[in-house]
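Spelled out, the chains give:
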Amino acid sequence: MSHKVTNRPETKAQVVEPLPLDPVIETYKKDIDVTLLDENLKLTVEQRILNLQSFVEFALELRKAAKTACS
Amino acid sequence: MKAIDFPALLRMLTEGNVEFIVVGGVAAIMHGSARGTFDLDVVHRRTPENIQRLVNCLAPHSPYLRGAPPGLPFRFDADTIRRGLNFTLSTTLGPLDLLGEITGGGRYEDLLADTMTAELFGFTCRCLGLRKLIETKRAAGRPRDLDAVAELEALLEKTKTS
């Protein structure tokens, strides 16, 4: 079973113009933790979704715990 | 609030033969984003047949307008979906945004050429290509997306150079 995001043949052939530079986005880019991106790119797409699933469940547990602590 | 079950939602739509494209935060995750999201955004094909398939597979999961007061009359059927365009729903599998079109990208048919497919959990899933995802987020122009766009552009640069 392959997990790679793959281009399908129906993807249109086109000359890809570079995205126009946006100075605001360029500023935000300086603070991106690229090590996290590198780690994610080593994973399969399925693993990325499973990580997201774990993150969401963890976040909801934290919310529940915070609610309990405040009540 | 119940945690969204991403694999179950994707499987439900795929096994229901719904024509859809994953967009938004989950598409970003599929491309390698390190940002979390709490809902699934999909653009669906607006043909009567596809809308009916969507209704058939989603109806058992109690779809309701997210954030609407309980008791508000809402009938989830093909007619309702046909008359509307974008729906933010709660379901027993978690929050699902059912979109007929997205800013900067248009409808299913407009987006199709800029999609990619991924094999996951034993089925094939179509998601918006990274570049188009950036274009749609840029077009939406929401301040909260600036950081996400910056990250997606960093990913695009990485995938170009790898």
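Residues numbered from 1 in each chain as written. Chains lettered and ligands numbered in written order. Predicted model: local features only at pLDDT ≥ 70, side-chain atom pairs only at ≥ 80, totals over all residues.

**Remarks on the overall build of chain B**
To keep things clear, this is the line we draw: In DSSP terms, a helix is any run of H or I states spanning at least four residues, a strand is any run of E spanning at least two, and both are numbered starting from the N terminus. Computation of the radius of gyration draws on C-alpha atoms alone. For the globule rule, the value is 2.2 Å times the number of residues to the power 0.38. Counting other C-beta atoms within 10 Å of a residue's C-beta gives its exposure: the residue is buried at 20 or more, exposed at 12 or fewer, and partly exposed in between, where C-beta atoms are placed from the backbone.
When helices and strands are tallied, chain B shows seven helices and nine strands. Compactness check: chain B gives a C-alpha radius of gyration of 16 Å against a globular reference of 15 Å for 162 residues, within 12% of the reference. The C-alpha extent of chain B, read off along each of the three principal axes, is 50 × 30 × 25 Å. Out of the 162 residues in chain B, the part that is buried amounts to 43%.

**Considerations on the environment of Thr136 of chain B**
Residue and element names in this part refer to chain B. Convention followed: A residue pair is marked as a contact if its C-beta atoms, positioned from the backbone, fall within 7 Å.
Take Thr136: it is sitting in helix 6 (residues 130-140). By C-beta crowding, Thr136 is classed as buried, having 23 other C-beta atoms within 10 Å. Here Thr136 is in contact with Val23, Ile102, Thr103, Gly104 and Gly105, once residues within four sequence places are set aside.

**Some details on the environment of Pro23 of chain A**
Residues and elements named next belong to chain A. With respect to the helices and strands, Pro23 occurs in helix 1 (residues 23-29). Take Pro23: there are 7 C-beta atoms within 10 Å of it, and that puts it in the exposed class. For the pair formed by Pro23 and Lys42, sequence separation is 19 residues and the distance between their alpha carbons is 29 Å.

**With respect to unusual backbone geometry**
What you tend to see is this: most non-glycine residues have negative phi, and most peptide bonds are trans. Residues and elements named next belong to chain B. Residue Asn17 is not a glycine yet carries a positive backbone phi of 55°. Relative to the elements of secondary structure, Asn17 occurs in the loop between helix 1 (6-15) and strand 1 (20-23). Phi at Ser62 takes a positive value of approximately 50°, unusual for a residue other than glycine. With respect to the helices and strands, the residue Ser62 is situated in the loop between helix 3 (48-58) and strand 3 (64-65).

**Some words on the nonpolar core**
Going by this rule: Put simply, a nonpolar core is buried Ala, Val, Leu, Ile, Met, Phe, Trp, Tyr and Cys residues tied into one set by C-beta atoms within 7 Å.
By size, the foremost hydrophobic cluster in this structure holds 51 residues, and its most contacted members are Ile21, Val22, Val23, Ala27, Val42, Val43 and Cys127 of chain B. Per-element accounting of this core gives the leading share, six residues, to helix 7 (residues 146-161) of chain B.

**Notes on the interface of chain B and chain A**
Put simply, the rule reads: Three classes are used, and their members are as follows: Ala, Val, Leu, Ile, Met, Phe, Trp, Tyr, Cys and Pro are nonpolar, Asp, Glu, Lys and Arg are charged, and the others, Gly among them, are polar.
If you look at the interface, chain B gives 29 residues, while chain A gives 33 residues. Broken down by secondary-structure element, the contributors of at least two residues to the side of chain B that touches chain A are helix 1, helix 2 (24-30), strand 8 (115-120) and helix 7 of chain B. At nine residues, the largest contribution of residues to the side of chain B that touches chain A is made by helix 7 of chain B. Residues of the side of chain B that touches chain A, tallied by class, amount to 20 nonpolar, four polar and five charged.

**Focus on the confidence of the model for chain B**
Where the model shows low pLDDT, its predicted coordinates should not be examined in detail. Selection rule: The predictor attaches a confidence to each residue, called pLDDT, with possible values from 0 through 100.
Mean pLDDT for chain B: 95, with 99% of residues reaching 70 or above. Taken over the whole predicted complex, pTM reads 0.90, whereas the ipTM for its chain interfaces reads 0.92.

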